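# Chain and residue survey
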Amino acid sequence: MNNERGSVELIGVTKQYGSVVAVDSLHLVVQPGEFLSLLGPSGCGKTTTLRMLAGFEQPDAGHIRISGVEVQGVAPYKRDVNTVFQHYALFPHMTVAENVAYGLRQRGVKKSETAERVFEALDMVQMTKLAERKPRQMSGGQQQRVAVARALVNRPSVLLLDEPLGALDRKLREEMQIELKLLQSRLGITFVFVTHDQEEAMSMSNRIAIMLDGHVEQLGDPETVYEHPASAFVAGFIGRNNFWQGTATANGAVAQDGTVFVATRPEEVVPTGQPALAAVRPECVNLSVERPADSTNCVAARIAGVSHFGDVLQYVVTAGDRDVLVLTPRTKTVRHQMGDHVWCSWSADDVYFFSARQAEVVLAESHED
């Protein structure tokens, strides 16, 4: 058995479209049997990376290895991969079984083996009972399962998924996330999954590669990238964060509005006097009527909005000329109302502290949220 089967390596991979660099000297290694998500905003290079792995695009520089074999220049159908797209591209005139069998027939696989493998693939995605239906007779989730079965029937070592759940409604998407993760765990096939949905990547992946401007900004397991973001961009893109611009001090920062931050866990070391970004996640902000005893890591505010999300309450509070997002469990006994004057406070252990080099992109992302 080839111990490299299912491994993926991108070494110094670059792809340009005219003067635009879509992927910039990318280095990435995916382990056999791993579920790795490529996550990032539109234009970060994640889909271009997937298309180069599939063979639909060729790199301008660098090397791509799949299962230990160099594949740059190799046609898509000659690679040990299959791709599942957001738009399932099922043949409308064919039944489910015929759609799944199509690739095997094109390869000249015997009828008896084709029938066996089609049944096996449909069984994996729990679609054997609908084998004779046409795509128009099925829901979006059922069509997605057929698309996955069609990709798995060729028994690839790597399955590439390009935002495959993007066309589904929220409830069905969440159900399919669970199904895909369980399927991947059961089969042990390497999944490389492209998404711009942070929650999707966090819930499904063994590791996440967060991409920005054609390179990997951080690569790690979901807990690490959430708790220990390598940059202000990652801190803002994974989960949500409240950012303050200011100036670095010896043990934290002073924001432009005068808020004093003390940080015991800075992710970056910023020289005193240099521009800095302080960040606090919404779930780490406490609301109280009385002013905290410590004058640092707190700010006076007024409740400007309250939203209900199941077991979580979301407050938008106005502090000076800015809004702060706060998330609290519904089980908390104290509820605040619109217009209430409160104090926002947080622990020094919960302050993320970064240089201001990514301030423009971070604050733009925060504004879009």
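Thresholds, definitions, all that
- Residues numbered from 1 in each chain as written.
- Predicted model: local features only at pLDDT ≥ 70, side-chain atom pairs only at ≥ 80, totals over all residues.
- Heavy atoms only, no water.
- Axes fitted to C-alpha atoms, helices over the stretch in contact; angles between N-to-C directions.
- Helix = DSSP H or I, 4+ residues; strand = E, 2+ residues; numbered from the N terminus.
- Parallel < 35°, antiparallel > 145°, perpendicular 65-115°, else oblique.
- Left-handed = near helix turned anticlockwise from the far one by under 90°.
- Contact = heavy atoms within 4.5 Å.
- Nonpolar A, V, L, I, M, F, W, Y, C, P; charged D, E, K, R; others polar.
- Salt bridge = Lys/Arg side-chain N within 4 Å of Asp/Glu carboxyl O.
- Buried < 20%, exposed > 50% of the residue type's maximum accessible area, 1.4 Å probe, protein only.
- Pairing = 2+ DSSP bridges.
- Polar contact = N/O pair within 3.5 Å; in protein donor to acceptor, adjacent residues only side chain to side chain.
- Core = buried A, V, L, I, M, F, W, Y, C linked by side-chain atoms within 4.5 Å.

With that settled, the discussion passes to the packing of helix H4 (residues 140–152) against helix H5 (residues 170–187). Between H4 and H5, whose axes approach to 11 Å, the crossing angle comes to 20°. Considering the angle they form, H4 stands roughly parallel to H5. H4 and H5 meet at a crossing whose hand is right-handed. For the pair formed by H4 and H5, the contact residues are Gly-140, Gly-141, Gln-144, Arg-145, Val-148 and Leu-152 on the first element and Leu-172, Met-176, Glu-179, Leu-180, Leu-183 and Leu-187 on the second. Of the residues assigned to the contact of H4 with H5, the class counts are seven nonpolar, three polar and two charged.

Before going further, it helps to spend a moment on the pattern of salt bridges. Overall, the coordinates contain 13 salt bridges when judged by the stated rule. For Glu-57, the salt bridge identified is with Arg-51, shortest N-O distance 3.6 Å. We classify Arg-51 as partly exposed; its relative accessible area is 31%. Residue Arg-65 is joined to Glu-70 by a salt bridge in which the shortest nitrogen-to-oxygen separation is 3.2 Å. Residue Arg-65 is classed as partly exposed on the basis of its relative accessible area, which comes to 25%. Accessibility expressed as a relative area gives 33% for Glu-70, which makes it partly exposed.

Below, the discussion takes up the side chain of Arg-117. Tracing the chain through its elements places Arg-117 in helix H3 (residues 111–124). Those residues in contact with Arg-117 that lie beyond four places of it in its chain are Leu-104, Val-153, Asn-154 and Arg-155.

Next up on the list: the pairing of strand S14 (residues 275–280). Taken across its six residues, S14 has five buried, putting it largely inside the fold. Note that strand S11 (residues 242–248) and S14 share six bridges and pair antiparallel. Note that in S14 the partner of Thr-247 across the bridge is Pro-275. Inspection of the sheet shows S14 paired to strand S20 (residues 351–355) by five bridges, in the antiparallel sense. Bridge pairing in S20 links Leu-277 to Phe-354.

The next point concerns the side chain of Arg-145. Note that Arg-145 resides in helix H4. At 2.6 Å, the side chain of Arg-145 and the side chain of Glu-179 are in polar contact. Every residue in contact with Arg-145, bar those within four places of it in the chain, is listed here: Val-125, Met-127, Met-176 and Glu-179.

Its identity is not glycine, yet Arg-155 carries a phi of approximately 55°, on the positive side. Among the structural elements, Arg-155 can be located in the loop between H4 and strand S7 (158–162).

Let us look at the nonpolar core. Formed by 35 residues in total, the largest nonpolar core has its most connected members in Val-100, Val-118, Leu-122, Leu-159 and Leu-180. The set of elements that each furnish at least two residues to this core consists of helix H2 (96–106), H3, H4, S7, H5 and strand S8 (190–195). Take this core: its biggest share by element is six residues, from H4. Formed by 27 residues, the second largest nonpolar core is a distinct cluster that contains Ala-253, Ala-263, Ile-303 and Ala-319.

Read from one edge of the open sheet, four strands run S2-S1-S4-S5, paired in antiparallel fashion. One side of each edge strand has no neighbouring strand; the edge strands of this open sheet are strand S2 (20–30) and strand S5 (69–70). Summarising the sheet, strand S4 (residues 61–66) and S5 pair through two bridges and their orientation is antiparallel. The residue bridging Ile-66 from the neighbouring strand is Val-69, located in S5. Sheet contacts for helix H1 (residues 46–54): strand S1 (8–17), S2 and S4; angle to S1, the most-contacted strand, approximately 115°.

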